[in-house]
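Chain and residue survey
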Amino acid sequence: MNLIIFGPPGAGKGTQASFICKEFKLVQISTGDLLRKEIKKNTNLGKKIEQIINKGILVSDDTINNLLEKIISSTNNFNKLVFDGYPRSMSQVEKLNYYMEKYKQKLSVVISLNVEKDVVKKRIEGRLFCTTCQKTFNEYFNPPTPENHDCEKANIKKRTDDNIKTIIKRFDTYLEKTRPVLHYYQKNSNFYEIDGSDDIKEIFNKIRTILSNISN
Ligand code: AP5
Ligand code: MG
């Protein structure tokens, strides 16, 4: 199956997408992670992307679509795609529909995590990630401990766009550019909305139930 895990910044898309991929043996396609990889390479494109991400606005559709076509066309990913943070604009929706048809793929389900701005602010302010294993934690809700994390403590970092000014801008960008995408998918029969302010495990239980009933 191919699916979209949708929601505002900090909704828990990445957290839930990684659980889904582990349990259902799917491939997580986080456009945010792909962009951060490009930044790490220190290319000219990476430098431009970094400036945009730190402003809390969207990277150009062309940049995103180029990255996505390579992934969707890969036979290794056939019918295994979990889109996390994509599509984020109506023009990305149109391109995704085009790619899915071109590469004979089908979107099985869209799951939206519904979370209010105040919850998101606190989550993003507290987010931590490990530069070695890429696991995400939260200093308030889910801190790294010897029980849940094996890597060196020194590898735990914060994202450069996880400061309050950028968080507010990211949320406003979501409202302006990405909410129309939600309204578009809401009309589909394979659309599910989940309360994203629930407990992490509770949310995954609901997602598991939805996905277990999908045949492809
Ligand atoms: P991206 O990296 O996708 O950031 P985002 O959409 O702002 O979402 P986040 O990654 O911040 O949140 P999340 O929903 O994944 O939450 P997480 O699971 O980490 O994009 C970054 C930037 O790249 C964008 O601003 C844009 O510039 C650019 N970009 C990316 N995609 C693009 C596209 N398609 N087009 C154009 N530009 C694009 O959880 C957050 C925290 O909360 C964690 O600490 C976690 O442990 C905690 N948490 C999660 N769930 C719960 C819960 N239920 N209860 C308590 N804590 C929780
Ligand atoms: Mg994420």
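Scroll up a little and you will see the structure.
Please read all numbers here as calculations on a predicted model, not as lab measurements. (Residues numbered from 1 in each chain as written. Chains lettered and ligands numbered in written order. Predicted model: local features only at pLDDT ≥ 70, side-chain atom pairs only at ≥ 80, totals over all residues. Heavy atoms only, no water.)

1. Some words on the packing of helix H2 (residues 31-40) against helix H3 (residues 44-55)
- Packing of H2 against H3 brings their axes to within 7 Å, and their N-to-C directions diverge by 125°. Comparing their axes, H3 and H2 come out oblique. Like other packed secondary-structure pairs, H2 and H3 cross with a definite hand, here left-handed. For the pair H2 and H3, contact is made by Leu35, Glu38 and Ile39 and by Leu45, Gly46, Ile49, Glu50 and Ile53, respectively.
- Looking at side-chain class alone, the contact of H2 with H3 contains five nonpolar, one polar and two charged residues. (Axes fitted to C-alpha atoms, helices over the stretch in contact; angles between N-to-C directions. Helix = DSSP H or I, 4+ residues; strand = E, 2+ residues; numbered from the N terminus. Parallel < 35°, antiparallel > 145°, perpendicular 65-115°, else oblique. Left-handed = near helix turned anticlockwise from the far one by under 90°. Contact = heavy atoms within 4.5 Å. Nonpolar A, V, L, I, M, F, W, Y, C, P; charged D, E, K, R; others polar.)

2. Focus: the site of ligand 1
- The immediate surroundings of ligand 1 are formed by 35 residues, with Thr15, Ile57, Arg88, Arg127 and Arg170 found nearest.
- At 2.6 Å, a backbone N or O of Ile57 approaches an oxygen atom of ligand 1.
- Bound to the protein, ligand 1 loses 96% of the 1000 Å² it would expose on its own.
- For the shell around ligand 1, the secondary structure elements donating two or more residues are helix H1 (13-24), H2, strand E6 (136-138) and helix H8 (200-212).
- Take the shell around ligand 1: its biggest share by element is four residues, from H2.
- Residues that form the shell around ligand 1 fall into these classes: 14 nonpolar, 11 polar and 10 charged. (Near = heavy atom within 4 Å. Polar contact = N/O pair within 3.5 Å; in protein donor to acceptor, adjacent residues only side chain to side chain. Areas by Shrake-Rupley, 256 points an atom, 1.4 Å probe, with all protein chains shown as cover.)

3. A closer look at the sheet that holds E6
- If you walk across this open sheet you meet the three strands as E6-E5-E7, and the pairing is antiparallel. Edge positions in the sheet fall to E6 and strand E7 (156-157), since each of these pairs with one other strand and no more.
- Bridge count for strand E5 (residues 127-130) against E7 is two bridges, and the pairing is antiparallel. Along E7, the bridge assignment pairs Cys130 with Ile156.
- Sheet strands touched by helix H6 (residues 117-126): E5 and E6. Its angle to E5, the strand with the most contacts, is close to 35°. (Pairing = 2+ DSSP bridges.)

4. Considerations on the pairing of strand E4 (residues 109-114)
- For E4, the buried fraction is high: five of the six residues fall into the buried class.
- Where strand E1 (residues 3-6) and E4 come together, four bridges link them in parallel fashion. Of the residues in E4, the one forming a bridge with Phe6 is Ser112. (Buried < 20%, exposed > 50% of the residue type's maximum accessible area, 1.4 Å probe, protein only.)

5. So, H2
- Restricting attention to buried positions, one finds in H2 the residues Thr31, Gly32, Leu35, Glu38 and Ile39. Buried residues of H2, seen end-on, are gathered within an arc of 120° and therefore sit on one face of the element. Along H2, exposed side chains directed more than 90 degrees from the buried face belong to Lys37 and Lys40.
- As for H2, its buried residues are in contact with strand E2 (27-30), H3, helix H4 (61-73) and strand E3 (81-84).
- Backbone geometry just downstream of H2 places Asn42 in the positive-phi region, at approximately 60°. (Arc of directions from axis to C-beta.)

6. What about the packing of aromatic side chains?
- Here the structure, examined in full by the defined rule, presents seven aromatic pairs.
- On the numbers, 5.5 Å between centres and 50° between planes, the contact of Phe83 with Tyr86 is tilted. In this structure, Phe83 and Tyr86 share a single accessibility class: buried.
- A ring pair is formed by Tyr184 and Tyr185, whose centres lie 4.9 Å apart and whose planes are at 75°; its orientation type is edge-to-face.
- Across from the ring centre of Tyr140, 4.2 Å away, lies the NZ or CZ of Lys122, which sits over that ring. (Phe/Tyr/Trp six-rings, centres within 6.5 Å; stacked < 30°, edge-to-face > 60°. Lys NZ or Arg CZ within 6 Å of the ring centre and 35° of its normal.)

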